[in-house]
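Coordinates in review
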Amino acid sequence: MNIILASNSPRRRELLERIGIREFHIVSPDVDESVEAGLSPADMVERLSRRKAQAVAGRVPAGSLVIAADTVVALDGAVLGKPRSEADAFAMLSALSGREHHVYTGVTVVRGDRALTEHEETAVAFRDVGPEEIRAYVATGEPMDKAGAYGIQGRGALLVSGIRGDYCNVMGLPVFRLGRMLGEFGVDLLGSAEPS
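This is a predicted model, so every value here is computed, not measured.

1. Description of unusual backbone geometry
The residue D30 is not glycine, and still its phi comes out positive at about 45 degrees. Positive phi, normally seen in glycine, also occurs at D76, with a value near 55 degrees. For D76, the location among the structural elements is in the loop between β3 (65-75) and β4 (78-80).

See the structure below:
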């Protein structure tokens with residue numbers, strides 16, 4: 001089976017490899033990521049993952065299995081995207097300090113005329129983080145390409161006091177949910193060394 005990851009994210013690539021998918025191709029979705037106002041975070045990530053998957057499915061060989069995902073961080077229902085500047089990253093991290101927020105990832109799997117879209121939600125608690133620590137973290141550059149301005153798989157883990165839910169979801173790909181979805185398409189990740 002020709003598996004396509006519709007994402008440029010190195011974290012998603014790493015997570016696919018961790019669950020045993022070694023042979024796959026990466027195709028950038030290159031889609032407009034704007035959505036209409038008023039969507040819930042869950043609806044937003046589902047819609048964007050579907051858009052990415054469908055865009056790539058139309059450009060790859062017939063019969064390919066396409067996996068796409070979209071992740072956002074939400075605080076009190078407001079979506080925090082990737083920071084536009086260091087000042088923006090500082091503001092986001094200051095808002096997250098000492099509070100719980102939610103990470104949503106929409107996942108779509110497409111093969112031929114069949115598409116399956118779901119989402120995962122994980123609650124993440126930040127410890128109280130002082131302004132100097134936030135400035136030091138922002139200065140590492142790590143927050144600048146990540147939703148919510150932190151990476152739990154890097155130094156951002158030092159800010160997190162706990163999570164409820166799928167850790168991999170916070171990295172950008174809920175592998176537990178994805179594994180179940182792939183099973184619906186005949187991909188058994190535990191039954192064989194490589195999906196066929």
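From this point on, the discussion continues.
2. A closer look at the nonpolar core
Judged by nonpolar contacts, the single largest core of 42 residues is most densely connected at I67, L93, Y150 and L182. With sequence-adjacent residues up to four places away left out, Y150 is seen in contact with L93, L96, H101, V103, V124, F126, Y137, P143, V160 and V170. Core analysis: the next-biggest nonpolar cluster, separate from the first, contains 9 residues, A6, V56, V60 and V66 among them.

3. Looking at the packing of helix α3 (residues 86-96) against helix α4 (residues 131-139)
Direction vectors running N to C along α3 and α4 enclose 135 degrees, while the axes themselves pass 10 Å from each other. As summarised for this structure, α3 and α4 are arranged oblique, according to the angle between their axes. Viewed along their axes, α3 and α4 form a crossing whose handedness is right-handed. For the pair α3 and α4, contact is made by E86, A89, F90, L93 and S94 and by P131, I134, R135, Y137 and V138, respectively. Taken together, the residues of the contact of α3 with α4 break down into 7 nonpolar, 1 polar and 2 charged.

4. Quick word on the side chain of E142
Structurally, E142 is set in the loop between α4 and β7 (160-164). For the buried residue E142, which engages in no salt bridge, the nearest side chain bearing the opposite charge is R155, 5.5 Å off. Here E142 is in contact with Y137, G151, G154, R155 and G156, once residues within four sequence places are set aside.

5. Here's the deal with helix α1 (residues 10-18)
Looking at α1, one finds that the buried residues are R11, R12, L15 and L16. Relative to the axis of α1, the buried residues are bounded by an arc of 140 degrees and lie together on one face. Buried residues in α1 make contact with β1 (3-5), β3, α5 (167-171) and α6 (175-184).

6. Looking at the side chain of S97
Inspection of the secondary structure assignment puts S97 in the loop between α3 and β5 (100-111). Side-chain polar atoms of S97 contact the backbone nitrogen of V129, separated by 2.7 Å. Other than its neighbours up to four places away in sequence, S97 contacts F126, R127, D128 and V129.

7. Thoughts on the environment of A115
Relative to the elements of secondary structure, A115 occurs in strand β6 (residues 114-126). Through-space distance from the C-alpha of A115 to that of I67 is 10.0 Å; in sequence the pair is 48 residues apart. Here A115 is in contact with V109 and V110, once residues within four sequence places are set aside.

8. With respect to the environment of V31
In this fold, V31 is placed in the loop between β2 (25-26) and α2 (41-57). When the C-alpha positions of V31 and R177 are compared, they lie 24 Å apart, and in sequence the two are 146 residues distant. Beyond its immediate stretch of four places on either side in the chain, V31 contacts R51, K52 and A55.

9. So, the pairing of β3
A large share of β3 lies buried, amounting to 11 of its 11 residues. What you see with β3 is no split at all: L65, I67, A69, T71, V73 and L75 on one side and V66, A68, D70, V72 and A74 on the other are buried throughout. In terms of strand pairing, β1 meets β3 through 3 bridges, oriented parallel. Across the sheet, the residue bridging to I3 is L65, located in β3. Summarising the sheet, β3 and β4 pair through 3 bridges and their orientation is antiparallel.

Cut-offs applied
Residues numbered from 1 in each chain as written. Predicted model: local features only at pLDDT ≥ 70, side-chain atom pairs only at ≥ 80, totals over all residues. Heavy atoms only, no water. Helix = DSSP H or I, 4+ residues; strand = E, 2+ residues; numbered from the N terminus. Core = buried A, V, L, I, M, F, W, Y, C linked by side-chain atoms within 4.5 Å. Buried < 20%, exposed > 50% of the residue type's maximum accessible area, 1.4 Å probe, protein only. Contact = heavy atoms within 4.5 Å. Axes fitted to C-alpha atoms, helices over the stretch in contact; angles between N-to-C directions. Parallel < 35°, antiparallel > 145°, perpendicular 65-115°, else oblique. Left-handed = near helix turned anticlockwise from the far one by under 90°. Nonpolar A, V, L, I, M, F, W, Y, C, P; charged D, E, K, R; others polar. Lys, Arg positive; Asp, Glu negative; His and termini not counted. Salt bridge = Lys/Arg side-chain N within 4 Å of Asp/Glu carboxyl O. Arc of directions from axis to C-beta. Polar contact = N/O pair within 3.5 Å; in protein donor to acceptor, adjacent residues only side chain to side chain. Pairing = 2+ DSSP bridges.

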